Amino acid sequence: MDPSVDTWDLSSPLISLWINRFYIYLGFAVSISLWICLQVVSKTQDRNLQEKSVPKAPQNLMTNGYVSLQEKDIFVSGVKIFYGSQTGTAKGFATVLAEAVTSLDLPVAIINLKEYDPDDHLIEEVTSKNVCVFLVATYTDGRPTESAEWFCKWLEEASSDFRFGKSYLKGMRYAVFGLGNSAYSSHFNKVGKNVDKWLWMLGAHRVMSRGEGDCDVVKSKHGSIEADFRAWKTKFISQLQALQKGERKKYCGGHCKKGKCESHQHDSEEREEGSHEQDELHHRDTEEEEPFESSSEEEFGGEDRQSLNSIVDVEDLGKIMDHVKKEKREKEQQEEKSGLFRNMGRNEDGERRAMITAALREALTKQGYQLIGSHSGVKLCRWTKSMLRGRGGCYKHTFYGIESHRCMETTPSLACANKCVFCWRHHTNPVGTEWRWKMDQPEMILKEAVENHQNMIKQFKGVPGVKAERFEEGMTVKHCALSLVGEPIMYPEINRFLKLLHQCKISSFLVTNAQFPAEIRNLKPVTQLYVSVDASTKESLKKIDRPLFKDFWQRFLDSLKALAAKQQRTVYRLTLVKAWNVDELQAYAQLVFLGNPDFIEVKGVTYCGESSASSLTMAHVPWHEEVVQFVRELVDLIPDYEIACEHEHSNCLLIAHKKFKIGGEWWTWIDYNRFQELIQEYEDSGGSKTFSAKDYMARTPHWALFGANERGFDPKDTRHQRKNKSKAISGC
């Protein structure tokens, strides 16, 4: 290879010229870059100097070149003091606190919780820039005072209701002072602790650690409840002054452990992650000076704390290991014995086990159930509350004329044979394919169900918005929805229970999951019998209902055939789950021909929040117009049926058999008095005098019909929608 081809001759005049030009251009570029950098630095320094010496100008400059004064930022617009008082102590503290707040030139309002409606107004505090103070007392038995009872009940339910969510009150600022008596240590300031916890779970932000006043002068931290309040009030006013200046004052008093104050800044961020259970673990009952976290020592009692911090001698290790091994052997023997009886459905004494275990009782009670005996429960439906306040009834009011404020939602069996993906109880109830538990008598179940229902209604006395006449009517149960949870038809004495209901002039709406065809055939007449038709093919039914029976599909078909033989009103209940069962129209039509129901309810699935037991999300909830379109297409395939009614508020429509359209008018409502007469004649005749669905029908009002402007909302009531509500997800 010729070296001259790859070698530069640097002595060449042409090469020397190009090298010289390159260095000239390089020097010129460096000079320009340095000049630009110096200009930028100079301007930045001038700007910083100007910002230090002259207040930042707002956008609206005056025409003469002078800067107008900046408007003062408002960090606290006012203070609202809420109190729940029985003897007047909390009310007196509210007045004292109001005087102190007034001295800061802040507007203040004192509000009696008895006259306050949180459902309407609490959300307003998210954007109000107010600081809300709650002064709440606790009875010796742990209950709130009568004036605060409704507020606490609403707050408790909202904190665990998926429709509100953990950011419902995000932006609201609050502080709590509880009044109690430590002589009743198990309930000391329970209401104050709960209000603090529930507000926090809804996303509100504490500005002040919870204060606790003690009526027991011996145990009171400052010698009396008045002194306790004065000490807390001083800290609160100091914190309020800091908030007025836009500061986030560290109110730990210099006593918090290393890292605690810094963790306070992440309070709202941490709240966004995890479930309500995690929220409660994070919350815990806290010391006054450490409001957001509790140390590990606070989680244990004195003896536990001592054992955790003590040192074990080597000589004692042998004894400890022997003790551990002995406990392990005893536990294994106990489990072996329990397992034997468990397989037999009995306890260690050979008796049938109660369906409601201690853990299940705790879980269901937390969800608002009033449990009855060993396997039953009752719960106040949100539509009952709504109609008490003149805010509309459920879809059964629109479709069938029930009075929602007089309807009791209950079940004689919390157990179920399915684990449906849209179960709104998140599968906290037991499951089984047969009755293997201890059984309570129907007389006791009905008596306690009515008593518990009435007690829950009584809590609405004096609640803002509750109509007096409906409150009085609500104390007398007229309808019973056997659809609360579980499978009521599993209860061996279901026919006796229904007979008792009818003897009390209470109509019966029984829902079954179509897995017990024999029980459906043997069922005595009910006002209206429902069968849940959650899917139309074997594959989709298995996916959605997740039944326990291996022959679930045959049981399902046999249940629909048994329904067709019933003379009284029968209903298919279709729950639409988007992307799962909305494309099976032809198969649904075939099931309609099989069971020949009087009515078909088609409802969008109700999303009940996140659950490890289900993969259901809001994406599976169809919009109301999508439900309408599905119903239109289904009706085209079943010529004996038409769309009769609509309840937009529940995302639900009613398809009715044309036999209920008389003279061009729909008769989907129920004549309840006539039904009671007919069922009495049936019982008196020993079952020989039967009757049909058309014997107790009533004309449907115009506002309830499909296509009416009211879209199923009773014009006698006033529709109320939560301010942060988007997609229709309300259930019934």
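No experiment lies behind these values; they were computed from the predicted model shown. (Residues numbered from 1 in each chain as written. Predicted model: local features only at pLDDT ≥ 70, side-chain atom pairs only at ≥ 80, totals over all residues. Heavy atoms only, no water.)

A regular strand carries its side chains on alternate faces of the sheet. Extensive coverage of strand 11 (residues 507-512) is indicated by the burial of six of its six residues. Residues of strand 11 alternate between two faces, with Ser507, Phe509 and Val511 on one and Ser508, Leu510 and Thr512 on the opposite face, all of them buried. Note that strand 10 (residues 479-482) and strand 11 share four bridges and pair parallel. Counterpart to Ala481 in the pairing with strand 11 is Phe509. Read from strand 10 through helix 18 (residues 494-503) to strand 11, the crossover connection turns out right-handed. In the sheet, strand 11 pairs with strand 12 (residues 528-532) via four bridges, with the strands oriented parallel. Bridged to Leu510 within strand 12 is Leu529. (Buried < 20%, exposed > 50% of the residue type's maximum accessible area, 1.4 Å probe, protein only. Helix = DSSP H or I, 4+ residues; strand = E, 2+ residues; numbered from the N terminus. Pairing = 2+ DSSP bridges. Right-handed = clockwise from strand over helix to strand, strands pointing away.)

Okay, the sheet that holds strand 8 (residues 376-379) next. What holds strands together in a sheet is hydrogen bonding between their backbones, with the strands either parallel or antiparallel. Read from one edge of the open sheet, ten strands run 7-8-9-10-11-12-13-14-16-15, paired in mixed fashion. Strands at the two margins of the open sheet, each flanked by one partner only, are strand 7 (370-372) and strand 15 (641-647). Strand-to-strand twist across the sheet, computed as the mean angle between neighbouring axes with direction ignored, equals 25 degrees. On the sheet, helix 18 packs against strand 10 and strand 11 and is oriented at approximately 150 degrees with respect to strand 11. (Axes fitted to C-alpha atoms, helices over the stretch in contact; angles between N-to-C directions. Contact = heavy atoms within 4.5 Å.)

So, about the packing of aromatic side chains. In the structure shown here, the tally under the stated rule is 25 aromatic pairs. Consider the rings of Tyr588 and Phe630, whose centres lie 5.9 Å apart with planes at 85 degrees: the pair is edge-to-face. Residue Tyr588 is found in helix 22 (residues 585-595), and its partner Phe630 is found in helix 23 (residues 624-635); the two are separated by 42 residues along the sequence. Considered together, Tyr588 and Phe630 belong to a single accessibility category, that of buried residues. Pairing Phe675 with Phe691 gives two aromatic rings, centres 6.0 Å apart and planes at 70 degrees, and the pair type is edge-to-face. Separated by 16 residues along the polypeptide, Phe675 in helix 24 (residues 672-684) and Phe691 in the loop between helix 24 and strand 20 (697-698) bring together distant segments of the chain. For the pair Phe675 and Phe691, a shared accessibility class is recorded, and that class is buried. Cluster of aromatic residues (ring-pair linked, three or more members): Phe93, Phe177, Phe229, Trp232 and Phe236. In this structure, Arg382 packs its charged tip against the face of Trp383, placed 4.6 Å from the ring centre. The ring of Tyr395 carries the charged tip of Lys396 above its face, separated from the ring centre by 5.0 Å. (Phe/Tyr/Trp six-rings, centres within 6.5 Å; stacked < 30°, edge-to-face > 60°. Lys NZ or Arg CZ within 6 Å of the ring centre and 35° of its normal.)

Following both chains from N to C, one finds helix 5 (residues 149-159) and helix 6 (residues 190-201) inclined at 40 degrees, their axes separated by 9 Å at the closest point. By the angle class used here, helix 5 and helix 6 are oblique. For the pair helix 5 and helix 6, the crossing hand works out as left-handed. For the pair formed by helix 5 and helix 6, the contact residues are Phe151, Cys152, Leu155, Glu156 and Ser159 on the first element and Val191, Val195, Trp198, Leu199 and Met201 on the second. In terms of residue class, the contact of helix 5 with helix 6 is built from eight nonpolar, one polar and one charged. (Parallel < 35°, antiparallel > 145°, perpendicular 65-115°, else oblique. Left-handed = near helix turned anticlockwise from the far one by under 90°. Nonpolar A, V, L, I, M, F, W, Y, C, P; charged D, E, K, R; others polar.)

Our focus in this paragraph is the nonpolar core. If you look at the biggest cluster of nonpolar residues, it comprises 111 residues, and the most contacted ones within it are Phe134, Val195 and Leu199. Considering each element in turn, this core owes the most residues, seven residues, to helix 21 (residues 552-564). One finds Ala644, Trp666, Ile670 and Phe675 within the second-largest nonpolar core, a separate group that totals 32 residues. (Core = buried A, V, L, I, M, F, W, Y, C linked by side-chain atoms within 4.5 Å.)

Let us now look at the pairing of strand 13 (residues 569-576). Most of strand 13 is tucked away: eight of the eight residues are buried. Burial along strand 13 is two-sided: the face carrying Arg569, Val571, Arg573 and Thr575 and the face carrying Thr570, Tyr572, Leu574 and Leu576 are both buried. Bridge analysis of strand 12 against strand 13 gives five bridges, and the strand direction is parallel. Within the sheet, the bridge partner assigned to Ser532 lies in strand 13 and is Arg573. The pairing of strand 13 with strand 14 (residues 599-604) spans six bridges and is parallel.

Structurally, Glu125 can be placed in the loop between helix 4 (118-121) and strand 3 (130-137). In this structure the side chain of Glu125 is engaged in a polar contact, spanning 2.7 Å, whose partner is the side chain of Lys80. At 3.2 Å, the side chain of Glu125 forms a polar contact with the side chain of Asn130. When residues no more than four places from it in sequence are discounted, the contact partners of Glu125 are Lys80, Asn130, Cys132, Gly171 and Met172. (Polar contact = N/O pair within 3.5 Å; in protein donor to acceptor, adjacent residues only side chain to side chain.)

Next up on the list: the confidence of the model for the protein chain. Any residue range with low pLDDT should be treated as having predicted coordinates unsuitable for detailed reading. Mean pLDDT over the protein chain: 79, with 70% of residues reaching 70 or higher. Of the regions scoring below 50 in pLDDT, residues 49-71 engages in seven contacts with residues more than four places distant in sequence or in other chains. Taken as a whole, residues 340-344 scores under 50 in pLDDT and shows five contacts with residues more than four places along the chain or in a different chain. (pLDDT = per-residue confidence, 0-100.)

Under the 1.5 Å per step criterion, the end-to-end length of helix 16 (residues 442-458) is 24 Å for 17 residues, consistent within 8% with the ideal 24 Å. Considered for burial, the residues of helix 16 that qualify are Pro442, Ile445, Leu446, Ala449, Asn452, His453, Met456 and Ile457. Down the axis of helix 16, the buried side of the element spans an arc of 140 degrees, and every buried residue falls inside it. Buried residues in helix 16 make contact with strand 7, strand 8, helix 14 (382-388), strand 9 (407-411), helix 17 (468-474) and helix 18. (Expected span 1.5 Å × (residues − 1). Arc of directions from axis to C-beta.)

Here we come to the pattern of salt bridges. Under the defined criterion, the tally for this structure stands at 28 salt bridges. Between Lys385 and Glu157 there is a salt bridge, and its shortest N-O distance comes to 2.4 Å. Placement of Lys385 in helix 14 and of Glu157 in helix 5 is noted, with a sequence separation of 228 residues between them. Residue Arg555 pairs with Asp551 through a salt bridge whose shortest N-O separation is 3.2 Å. Judged by its relative accessible area of 22%, Arg555 is partly exposed. According to the relative accessible area criterion, Asp551 is partly exposed, its value standing at 39%. Via salt bridges that share partners, Asp117, Asp119, Asp120, Arg389 and Arg391 belong to a single interconnected network. (Salt bridge = Lys/Arg side-chain N within 4 Å of Asp/Glu carboxyl O.)

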